[in-house]
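Secondary and tertiary structure notes
Residues per chain are reported as follows:
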Amino acid sequence: MGCTRFGEHWTSSAEDLLVDATEEAFGSSPVRRDDVDAYWLGTLGSGQSGLTLSKALALDYKPVTRVENYCATGSEAFRNACYAVASGAYDRVMAVGVEKLKDSGFSGLLRSDPPGDGTAAELSLTAPAAFSLLDPAYCARYGVDPAELRSAMTHVAWKNHHNGALNPKAQFRSEVTKQRIANAPTVAGRLGVFDCSGVSDGAAAALIVRAEDALDYTDRPMYVKGLSLAAGPALGAADPDYDYTTFPEVIRSARDAFAQAGVTDPRREISLAEVHDCFTPTELVLMEDLGFSERGQAWKDVLDGAFELGGRLPVNPDGGLKSFGHPVGASGLRMLYECWLQFRGEAGRRQLADPRLGLTHNLGGRPGSCVSFVSVVGPELDG
């Protein structure tokens, strides 16, 4: 695999980032760009068609498929590339994700909504506004004191900035005090500046081959145990039963991925998790949807340190979206990159002792109207 540093790349183009990420991936194996049978490129708005990648890499008329699935775009490129190998259509493929958000001049995602019938009220909300609804809804459903949940949200941001400070490729590499996080200017609801993920540029790439051939390419491969994507019916605010304390799409995709991987007790079997912490309350809810915490208990587990580097299940050891940054097309592959480094013992100061099974989770959209991707990966072919 390969991954650029995420951040403000004012002097690099999307093509430059694609070259950097793929060259690192090629550097970790004997494969070269012309040895790859087909490519999948994920990007939300930094290129159109497969030409975005074929031009950057000067490919010799290889098939390149460009995909997009909101913030799960990088994971979608990986999923499709894996299925292409599993089907027997190709022997060697590459999944690549890239985004140059800083070039847009906007703070946030640059996108346009498709025409609708006017019933999708949630589309009038910004992403921070939509995800800020998780906080009061959670307090109301589980009877949590808002001050206690605020402390848990602050702890999520503090943890992820702590982890990102140990990561040379993270966008934000400074620890932030809990006092500063809690007292930061608000963006929407009770979400402050430090409750929101960064807007950044970056790229990541993965070389994918059949599991039985992996040792021909590297002595320490990462094996895919399960892949699942779920797209919801997008009822959103129109559903009177939806209370903004869960992501049904996450539950469905996690259940499917666990079944494929043979995972029956995720909180004990998963060694590390990279999850879509676009906003701090999102990570809290995800801990319950992914089965890492009991319903209504994630905030307590967070405050108890369960998901820190030294906790029972480290979550976002690379800093997550919050600290590593969130160039949309690359984020899903970046999560897999951290698992790959951890399994190879190459994660530096954030290296975990003995990671056996990893999970990545990528979310696209917003509460009540989203797509969710979950993968389970590990360093051993069996088990």
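Here the structure is a predicted model, which means the values were calculated and not measured.

Here the focus is the overall build of the protein chain. When its secondary structure is counted, the protein chain shows 13 helices and 11 strands. Its C-alpha radius of gyration of 19 Å places the protein chain within 12% of the 21 Å reference for a compact globule of 383 residues. In terms of principal-axis extent, the alpha carbons of the protein chain reach across some 60 × 45 × 40 Å. By the burial criterion, 58% of the 383 residues in the protein chain qualify as buried. Of the contacts made within the protein chain by residues no fewer than 6 positions apart, 76% connect residues no fewer than 24 positions apart. As presented, the protein chain carries roughly 15200 Å² of accessible surface, and 50% of it is formed by carbon and sulfur atoms.

Turning next to the UniProt feature "domain: Thiolase C-terminal" (unreviewed entry) in the protein chain. As recorded in UniProt, the sites labelled "domain: Thiolase C-terminal" (unreviewed entry) are residues 244–366. End-to-end, the C-alpha atoms of residues 244–366 are 10 Å apart, and along that stretch the chain is 46% helix and 10% strand.

With that settled, the discussion passes to the packing of helix H3 (residues 73–86) against helix H13 (residues 328–344). Between H3 and H13, the least distance of the axes is 5 Å, while the angle of their chain directions is 60°. Classified by the angle between their axes, H3 and H13 sit oblique to one another. Every residue of H13 that contacts H3 at Thr 73, Gly 74, Ser 75 and Phe 78 is listed here: Val 328, Gly 329, Gly 332, Leu 333 and Leu 336. Per-class residue counts for the contact of H3 with H13 are four nonpolar, five polar and no charged.

This paragraph deals with the state of the cysteines. Considering all chains together, one arrives at zero disulfides under this definition. As a non-bridged cysteine, Cys 71 has Cys 278 as the owner of its nearest cysteine sulfur, 7.1 Å distant. The exposure class assigned to Cys 71 is buried, which follows from its relative accessible area of 11%. As a non-bridged cysteine, Cys 370 has Cys 278 as the owner of its nearest cysteine sulfur, 9.6 Å distant. By relative accessible area, which is 5% here, Cys 370 ends up buried.

Right, let's talk about the pairing of strand E3 (residues 64–67) for a bit. Remember that side chains alternate between the two faces of the sheet whenever the strand is regular. Bridge analysis of strand E2 (residues 38–42) against E3 gives four bridges, and the strand direction is parallel. Its bridge partner lying in E3, Trp 40 is registered against Thr 65. Once the chain exits E2 it traverses helix H2 (residues 51–57) before rejoining the sheet at E3, and the crossover so formed is right-handed.

It is worth spelling out the sheet that holds strand E10 (residues 358–366) at this point. Taken in spatial order, the four strands make up an open sheet running E8-E11-E10-E9, and their pairing is mixed. Either end of the sheet is taken by a strand with one partner, and the two such strands are strand E8 (223–231) and strand E9 (272–274). Across the sheet, the mean angle separating the axes of adjacent strands is 15° when strand polarity is ignored. Running at roughly 120° to E8, H3 makes contact with E8, E10 and strand E11 (369–378) of the sheet. Contacts from H13 reach E9, E10 and E11 within the one sheet, and its direction differs from that of E10 by about 170°.

As a further point, take the environment of Glu 76. Assignment of secondary structure puts Glu 76 in helix H3. Expressed as a C-alpha distance, the spacing of Glu 76 and Cys 3, which sit 73 residues apart in the sequence, is 17 Å. Excluding residues that lie within four positions of it along the chain, Glu 76 makes contacts with Val 67, Asn 69 and Leu 229.

Backbone hydrogen bonds hold the strands of a sheet together, and the pairing may be parallel or antiparallel. Read across the open sheet, the five strands follow the order E1-E7-E4-E2-E3; overall the sheet is mixed. Strands at the two margins of the open sheet, each flanked by one partner only, are strand E1 (2–3) and E3. For strand E4 (residues 92–100) and strand E7 (residues 201–209), the ladder comprises nine bridges, and the chain directions are antiparallel. Within E7, the position partnered with Glu 99 by the bridge is Gly 202.

Bringing the pattern of salt bridges into the picture now. Within this structure, the stated rule accounts for 28 salt bridges. Of the charged contacts in the structure, one is a salt bridge between Asp 135 and Arg 190, with a shortest N-O distance of 2.7 Å. Of this pair, Asp 135 sits in helix H5 (residues 134–142) while Arg 190 is found in the loop between strand E5 (186–188) and strand E6 (191–192), placing the two residues 55 residues apart along the sequence. Taking the relative accessible area as the measure of exposure, Arg 190 reaches 29% and is therefore partly exposed. Measuring nitrogen to oxygen at the nearest pair gives 3.9 Å for the salt bridge that ties Glu 212 to Arg 210. The exposure class assigned to Glu 212 is exposed, which follows from its relative accessible area of 60%. Look at Arg 210 and you get partly exposed, because its relative accessible area is 26%.

Parameters and conventions
- Residues numbered from 1 in each chain as written.
- Predicted model: local features only at pLDDT ≥ 70, side-chain atom pairs only at ≥ 80, totals over all residues.
- Heavy atoms only, no water.
- Helix = DSSP H or I, 4+ residues; strand = E, 2+ residues; numbered from the N terminus.
- Rg over C-alpha atoms; globule rule 2.2 N^0.38 Å.
- Buried < 20%, exposed > 50% of the residue type's maximum accessible area, 1.4 Å probe, protein only.
- Contact = heavy atoms within 4.5 Å.
- Areas by Shrake-Rupley, 256 points an atom, 1.4 Å probe, with all protein chains shown as cover.
- UniProt positions renumbered as here; feature names shortened; annotations may be inferred.
- Axes fitted to C-alpha atoms, helices over the stretch in contact; angles between N-to-C directions.
- Parallel < 35°, antiparallel > 145°, perpendicular 65-115°, else oblique.
- Nonpolar A, V, L, I, M, F, W, Y, C, P; charged D, E, K, R; others polar.
- Disulfide = S-S within 2.5 Å.
- Pairing = 2+ DSSP bridges.
- Right-handed = clockwise from strand over helix to strand, strands pointing away.
- Salt bridge = Lys/Arg side-chain N within 4 Å of Asp/Glu carboxyl O.

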